[in-house]
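The chain contents come next:
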Amino acid sequence: IQRPNRIRVERGGELLDQIAVYDGKTFSMHDRARGYYAVTEAPDDIDGLLHFARETLQLVPPSSDIVYTNAFERLTRQLESGFVVGKSMIDGVRCHHLAFRNPVVDRQIWIPQGDEPLPRKLVVTTRSDSAKPQSLVLMRDWDTSPRVKKNTFVFSAPKDAEKIGFLRMDSGQPSER
């Protein structure tokens, strides 16, 4: 993240291999496993992008609540309860395990003890959905003073990837750029 308007996210795991890039004007997403990518115009700041992705594209990044400028306000809005679960080890780091509940989601977060309380793990359970889907985000290798390469926030589609449009929920039509 480079505030006010740049993000690069790489997600990988058993089910997906994706890269998303936001340069302050456009949002691009590439599904490397399937060979598709999409590009659309986007709002001019990170908070606007997150709202646009959620409301218009129906994309909800699992850790987006901690990326918003007003993260604390968003996380504590309509809070019904919160408590300290205890201490846990995450990747060999001793952490405080905290749990919070609001009408829509349950959140658990693990924050290291010590001088650098940067989150190590976040679990969000959507209570408002009968399936109770859960997302898990592990965070490590925090760099609070990164040297960002010039092309970090530039998306270049691979030659063999197929361009498709994002399905926009406000029109039901694919977006084109």
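Let us look at the structure shown here. (Residues numbered from 1 in each chain as written. Predicted model: local features only at pLDDT ≥ 70, side-chain atom pairs only at ≥ 80, totals over all residues. Heavy atoms only, no water.)

**What to know about the pattern of salt bridges**
A complete count under the given rule lists 12 salt bridges for this structure. Residue aspartate 65 pairs with arginine 74 through a salt bridge whose shortest N-O separation is 3.6 Å. (Salt bridge = Lys/Arg side-chain N within 4 Å of Asp/Glu carboxyl O.)

**Description of unusual backbone geometry**
Here arginine 3 and proline 4 are connected by a cis peptide whose omega angle stands at 15 degrees. Within the chain, glutamine 78 stands out as a residue other than glycine whose phi angle is a positive 55 degrees. The topology assignment puts glutamine 78 in the loop between α2 (71–76) and β5 (81–90). Residues other than glycine seldom take positive phi values, yet lysine 132 does so here, at roughly 55 degrees. By the element assignment, lysine 132 lies in the loop between β8 (121–126) and β9 (134–138). (Helix = DSSP H or I, 4+ residues; strand = E, 2+ residues; numbered from the N terminus.)

**Some details on the nonpolar core**
Membership of the largest hydrophobic core comes to 15 residues, with the highest contact counts inside it found for Ile7, Tyr22, Phe27, Ile46, Leu49 and Phe166. Elements supplying a minimum of two residues to this core: β2 (17–22), β3 (26–31) and α1 (46–55). For this core, the element with the most residues is α1, which contributes four residues. Listed in part, the seven residues of the second largest apolar core include Val105, Ile109, Leu122 and Met139. (Core = buried A, V, L, I, M, F, W, Y, C linked by side-chain atoms within 4.5 Å. Buried < 20%, exposed > 50% of the residue type's maximum accessible area, 1.4 Å probe, protein only.)

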